[in-house]
Each structure stands twice: as C-alpha cells, then as structure tokens.
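Fold and geometry: a report
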Amino acid sequence: MEKSAYPAFLGLDITPASYDEARIHIIPVEMEKSVSYGSGTAAGPRAILEASLQLEAFDGSAVPGQAGMHTHKPLPCRSAAVEHDLDAIAAEVAGVLNKKGLPVILGGEHTVTLGALRPFAAGNKRVGVVQFDAHADLRESYGGNRFSHACVMRRVHEMGLPFVQIGVRSLCQEEDRFRRGHNIVCLDAEQIYRGGIPAAPLPDDFPEQIYITFDVDCFDAALMPATGTPEPGGLNWYQAMDLLGAVCRGRQLCGFDVVELAPIPALHGPDYTAAKLVYRLIGLAVSAEKQPGKQ
Ligand SMILES: [Mn+2]
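Nothing here was measured: the structure is a model prediction, and the numbers come from that model. (Residues numbered from 1 in each chain as written. Predicted model: local features only at pLDDT ≥ 70, side-chain atom pairs only at ≥ 80, totals over all residues.)

**So, the pairing of strand β5 (residues 163-166)**
As paired elements, strand β4 (residues 127-132) and β5 share 4 bridges and run parallel to each other. Bridged to Q131 within β5 is Q165. You can see the chain leave β4, run along helix α4 (residues 152-158) and come back into β5, and the turn it takes is right-handed. The pairing of β5 with strand β6 (residues 185-187) spans 3 bridges and is parallel. The residue of β6 that forms the bridge with Q165 is C186. You can see the chain leave β5, run along helix α5 (residues 173-181) and come back into β6, and the turn it takes is right-handed. (Pairing = 2+ DSSP bridges. Helix = DSSP H or I, 4+ residues; strand = E, 2+ residues; numbered from the N terminus. Right-handed = clockwise from strand over helix to strand, strands pointing away.)

Structure representation (structure tokens):
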C-alpha cells in the first residue's frame, strides 16, 4: 500500500515556498539502520510533520515560517551501504546551502547527522557543532558498526569539526576516556540540574557559525518517551529552550537536525514536542541574521 504524501511543515498556515524561493528547507530523512533498544525512527519525520500541522505559526514574538518554507520529498535511506545514504543526504544539504538556505533535517536515526555535516565540513566557513543528547555517542564502533548512532560524534571528531556536548548522562568508560583525552567541552545534564544554565555555554573561541544536532533523548524521558534509548534525568522544556537561546546568542545557526524520534502510536505529545522544538530552532535561525550579542 502506498503511503500518503507527507504534509508540508506547518501545513497551509504558511503558504509553502518553492524550492528556489525558500529560506527554510525541511528535509525528512527516514534512516533507521542502527537500533540499540527500541525501534521506529524511520517514522519520525512523518510524525513531526503531521504534528507540525497543530503548531501556531506565531511563536510568541514572530512568525518564523514567513521566511519561506519548503518541505522536501523524504529521503528513504534504504540502500545496503550506509555510505550511499550519507552521500544522498549530503547532496540534498549541499543543494540547500548553494541557495543560501537553512537545512532542517528531520531524522531518522542520529547517523543522518554525518551526511548533513559533510557540506559544512567541506565549506570554507568555520562551523562548530552543538550536540544535545543523553548519550556521548563517542564510541569507536558499536556492535561492529562504525556508523551506528552510538558513534556519531566520534565520526564528527574525525571530520575535524569542533563540537560541544550538552545534556549527556550516559556514557561508557571508553567514551569518558576519549572526552578527557581530547578535552571535549561538555555540559552534562547533572551539571545543568545542579548549577543552572550558564550565560555562555560555548567557549569564546567556538565558531560563530553553528550547527545544532538535537537528539530528542536529551529531553527527560518523562517529556520524551518516544525514543529508542530513553534516559531519566534529562532536560525539561524550558531548560532546553534557555540553552538553545544561550547557545545561539552572538552566533548564527546555519543548519540543524532533530533526530531519534520513534513515535509511539496514539501518544501524540512527544511528536508535537519534537515539532515545536523544530519550529523554535527555525525561529532562532531566522529571527535575525545573527542573534544579539553576549550581554
Ligand atoms: Mn545520539
């Protein structure tokens, strides 16, 4: 049975823009190759888009969607070789960057980030990656697979992109050693819980251009049960919003992904939470060329 077409992000609340006119490019990526515990990330993009129909176009201060939004056809990512799928994601993102658009990647498993980051790594601007995640994702390999979602940030490290980790609360000893050995900057969930949100979570010399990869398991499992490897002790909604605002202050958000949503049938809350997160990130990217500087 053929599935119905994906709705456009926000539906008809905002007249969809053509590919050429749009500033915001929503790219659904149905990748689900590595599953450690619960499954279902291939259904994530559709759930986010369907939930987005319930969002208000007005986000409380502006209507970010008016910058022009175009929802791409989904990338199915069903090839036998993950490399092939990562190339397809990279090509889609590169096309958007050539048009000076904002790529918004809806996962899918966390591995999609590796395809999305390739054009940024190949570009001539210095880009830093900000990872929101319950897990460090720094394993050399997992289950014999170097492209497992548990290894994403190790691969990002190999790409030579600077990155910081926010919200982590689960990692193995190998990852802990790697973090220490490579001076990885991290703001773990417990630090946030006990110490609050720092005004400037990123190092001063972190690039001005940032890419955010947001694994929804960064949220507390109570708010976000619909993910393969939920963890207690995660961020609540306002902690995440405050951190996103602080991370983007004085910097330009030039692309992002929201990954690892594994929808639970008839439980709409997590899908809507992910959609609202996507729209908040769009707002941060387009509300100003650059977010107002550090106070
Ligand atoms: Mn992850």
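Resuming the write-up.
**Points about the nonpolar core**
Counting 84 residues, the largest nonpolar core has V104, V278 and L281 as its most contacted members. Element by element, the count of residues in this core is highest for helix α8 (residues 269-286), at 10 residues. Discounting residues that sit within four places of it in the chain, L281 has contacts with I212, L244, L253 and F256. (Core = buried A, V, L, I, M, F, W, Y, C linked by C-beta atoms within 7 Å. Buried ≥ 20, exposed ≤ 12 C-beta atoms within 10 Å, placed from the backbone. Contact = placed C-beta atoms within 7 Å.)

**As for the sheet that holds strand β3 (residues 102-106)**
Neighbouring strands of a sheet are bound in pairs by backbone hydrogen bonds; such pairs are parallel or else antiparallel. The strand order across the open sheet built from 8 strands is β2-β1-β3-β8-β7-β4-β5-β6, with neighbouring strands paired in parallel fashion. One side of each edge strand has no neighbouring strand; the edge strands of this open sheet are β2 (69-71) and β6. The average angle at which neighbouring strand axes cross in this sheet is 20°, direction not considered. Here strand β1 (residues 24-28) pairs with β3 via 5 bridges, running parallel. Looking across to β3, one finds that P28 is bridged to L106. (Axes fitted to C-alpha atoms, helices over the stretch in contact; angles between N-to-C directions.)

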